[in-house]
Amino acid sequence: MMQDLMKNMEERMDKALANLKKEFVTIRAGRANPAILDKVQVEYYGSTMPINQLASVHAPEPRLLVITPWDKGALGEIERAILKSELGLTPSNDGSVIRIAIPPLTEQRRQELAKVARKMAEEARVAVRNIRRDINEDIKKLEKSGDISEDESRRAQEKVQATTDRYIGEIDKLLAAKEEEIMEV
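Residues numbered from 1 in each chain as written. Predicted model: local features only at pLDDT ≥ 70, side-chain atom pairs only at ≥ 80, totals over all residues. Heavy atoms only, no water.

Caption draft 1: Highlighting the packing of helix H1 (residues 2-25) against helix H4 (residues 150-183). It is at 11 Å that the axes of H1 and H4 come closest, and there the two elements cross at 10°. Between H1 and H4, the angle falls in the class roughly parallel. For the pair H1 and H4, contact is made by Met2, Met6, Met9, Glu10, Met13, Asp14, Leu17, Leu20, Lys21 and Phe24 and by Ala156, Lys159, Val160, Thr163, Thr164, Arg166, Tyr167, Glu170, Ile171, Leu174, Leu175 and Lys178, respectively. Looking at side-chain class alone, the contact of H1 with H4 contains 13 nonpolar, 2 polar and 7 charged residues. (Axes fitted to C-alpha atoms, helices over the stretch in contact; angles between N-to-C directions. Helix = DSSP H or I, 4+ residues; strand = E, 2+ residues; numbered from the N terminus. Parallel < 35°, antiparallel > 145°, perpendicular 65-115°, else oblique. Contact = heavy atoms within 4.5 Å. Nonpolar A, V, L, I, M, F, W, Y, C, P; charged D, E, K, R; others polar.)

Structure, rendered in structure tokens:
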């Protein structure tokens, strides 16, 4: 029973960490990365879908993204969706592909992006702490019902805290690496 709780906790914390990594990929750090367009949703034939389901996105150069739609009729919609997104990118449409030049980041923009990264990391920390709280409550319920002893409960809570500290350390490492990447000129 206790192992199931610990396994559940690890899985949930892994998901929180994976989600943070996915979020960090969407922050552009001066280099062209097709993943920065992952959150851009395109209105196409009455439904909303991500760009990568309508076109191939690749980075032939460090500061250029090229979007090649599978249906040329989607060009205008993709272009509009990129302009509406708050990425600060300006697409240029030549009739068959969309090119997006990634401008170099200003110092002020770098600081704003670092602030966004810190906010994402804090949300991940809060998620990990919420998981810790849930698991600790479950452990206390088990103790109260007599399924585990007080000593087992204390040991389990210490293990939960150690795991939480490990995951928060991972989040801090990811944040430090992302901030370094953002501030790199």
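Caption draft 2: Here's a closer look at helix H3 (residues 107-145). End to end, H3 covers 57 Å across 39 residues, agreeing with the expected 57 Å (1.5 Å per residue, within 8%). Directly after H3, the chain includes glycine 146, whose backbone phi takes a positive value near 90°. (Expected span 1.5 Å × (residues − 1).)

Caption draft 3: Seen up close, the sheet that holds strand E5 (residues 91-93). If you walk across this open sheet you meet the 4 strands as E3-E4-E6-E5, and the pairing is antiparallel. For this open sheet the edge positions go to strand E3 (55-61) and E5, each flanked by a neighbour on one side alone. With direction set aside, neighbouring strand axes in the sheet form an average angle of 25°. By the bridge criterion, 5 bridges tie E3 to strand E4 (residues 64-69) in an arrangement that is antiparallel. The residue bridging alanine 55 from the neighbouring strand is proline 69, located in E4. (Pairing = 2+ DSSP bridges.)

Caption draft 4: Looking closely at the environment of glutamate 152. Relative to the assigned elements, glutamate 152 resides in helix H4. Residues glutamate 152 and isoleucine 139, 13 residues apart in the sequence, show an inter-C-alpha distance of 9.2 Å.

Caption draft 5: Highlighting helix H2 (residues 75-84). Buried residues of H2: Leu75, Ile78, Glu79, Ala81 and Ile82, and no others. Projection of H2 onto a plane perpendicular to its axis shows the buried side chains occupying an angular sector of 160°, all on one side. Exposed side of H2, more than 90 degrees from the buried face: Leu83 and Lys84 are the residues found there. Along its buried surface, H2 packs onto strand E1 (41-44), E3, E4, E5 and strand E6 (98-101). (Buried < 20%, exposed > 50% of the residue type's maximum accessible area, 1.4 Å probe, protein only. Arc of directions from axis to C-beta.)

These results come straight from atomic positions and should not be treated as a statement about function.
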